[in-house]
Each structure stands twice: as C-alpha cells, then as structure tokens.
Amino acid sequence: MSVNREELKRLIDFIHEEDTAEIYDFIGYLNMKREREAIDQMDLDLFSKDKELIQQVQKSRDDRENGRIYDQEQGLKYLQHKIREFESEQNL
C-alpha cells in the first residue's frame, strides 16, 4: 500500500488536539516495533554464524531425544556440585 506522505502530514494537521498524544504514542510504537524487528534479525544472523551455539543446540536436541533430561532438583544438585568443584580448584 502506497501512502502519500504529504497527504498523511495534512491529515495529521486536522487531528483533534486531544488525539495528538495517542497518535504520537502510536508513531513511537511503530518505530520501536521496526527497531525490534531489525535487532531480532541481527540476532538471528549472529546466532546462525555462532558454531559453538549451534553445537550446544544440537547436543541439547540429542540429549532430549536420548532421555538425558534433568528435572529441577537434579539440575540444582548438578549446579551445586559444579560450584563446589570450581571453589575447590580456586583454593589450590
């Protein structure tokens, strides 16, 4: 859909004063939406080139397919164990 920008500006000039704040907010929303879409696309582009991240995702899929999934309690115990290992290495 093609919109004549001059016509759009003219229409804005005839908007009731009490509606101007809503129009201003809506224009801000549209600009923010476009920026968010551009950032999301950049993130996708970066992620698609991150070999380590791709390997992690593939490993996670393999783990799920092979039943290697931990519940919250198992995950917490694993993390606590890893923290203790890390802290003991720091004390060397």
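Above this note sits the structure.
Scoring rules and cut-offs
Residues numbered from 1 in each chain as written. Predicted model: local features only at pLDDT ≥ 70, side-chain atom pairs only at ≥ 80, totals over all residues. Heavy atoms only, no water. Helix = DSSP H or I, 4+ residues; strand = E, 2+ residues; numbered from the N terminus. Contact = heavy atoms within 4.5 Å. Salt bridge = Lys/Arg side-chain N within 4 Å of Asp/Glu carboxyl O. Buried < 20%, exposed > 50% of the residue type's maximum accessible area, 1.4 Å probe, protein only. Expected span 1.5 Å × (residues − 1). Polar contact = N/O pair within 3.5 Å; in protein donor to acceptor, adjacent residues only side chain to side chain.

Trainee: Is there a simple way to think about the side chain of Asp63 in this case?
Mentor: Relative to the helices and strands, Asp63 is located in helix H3 (residues 51–65). The residues touching Asp63, leaving out its near neighbours within four places in the chain, are Arg68 and Ile69.

Trainee: Is there a simple way to think about the pattern of salt bridges in this case?
Mentor: A pair can form between side chains of opposite charge whenever their charged atoms are brought close. With the rule as written, the count across this model stands at eight salt bridges. Two residues, Glu6 and Lys9, come together in a salt bridge whose shortest N-O distance is 3.5 Å. Placement of both Glu6 and Lys9 in helix H1 (residues 5–13) is noted, with a separation of three residues, approximately one turn of the helix. By relative accessible area, which is 54% here, Glu6 ends up exposed. According to the relative accessible area criterion, Lys9 is partly exposed, its value standing at 46%. The partner of Asp63 in a salt bridge is Lys59, and the shortest N-O contact between them spans 3.3 Å. Here the residue Asp63 and the residue Lys59 both occupy positions in helix H3, the gap between them amounting to four residues, near one helical turn.

Trainee: Is there a simple way to think about H3 in this case?
Mentor: Side chains of residues three or four places apart in an α-helix project in the same direction, reflecting 3.6 residues per turn. The end-to-end C-alpha distance of H3 is 21 Å, a good match for the 21 Å that 15 residues give at a rise of 1.5 Å each. The opening residue of H3 is Asp50, an N-cap whose side-chain oxygen sits 3.2 Å from the backbone nitrogen of Glu52.

Trainee: For this particular structure, what's the right way to read the environment of Gln58?
Mentor: Within the secondary structure layout, Gln58 lies in helix H3. Classification of Gln58 by relative accessible area gives partly exposed; the value is 44%.

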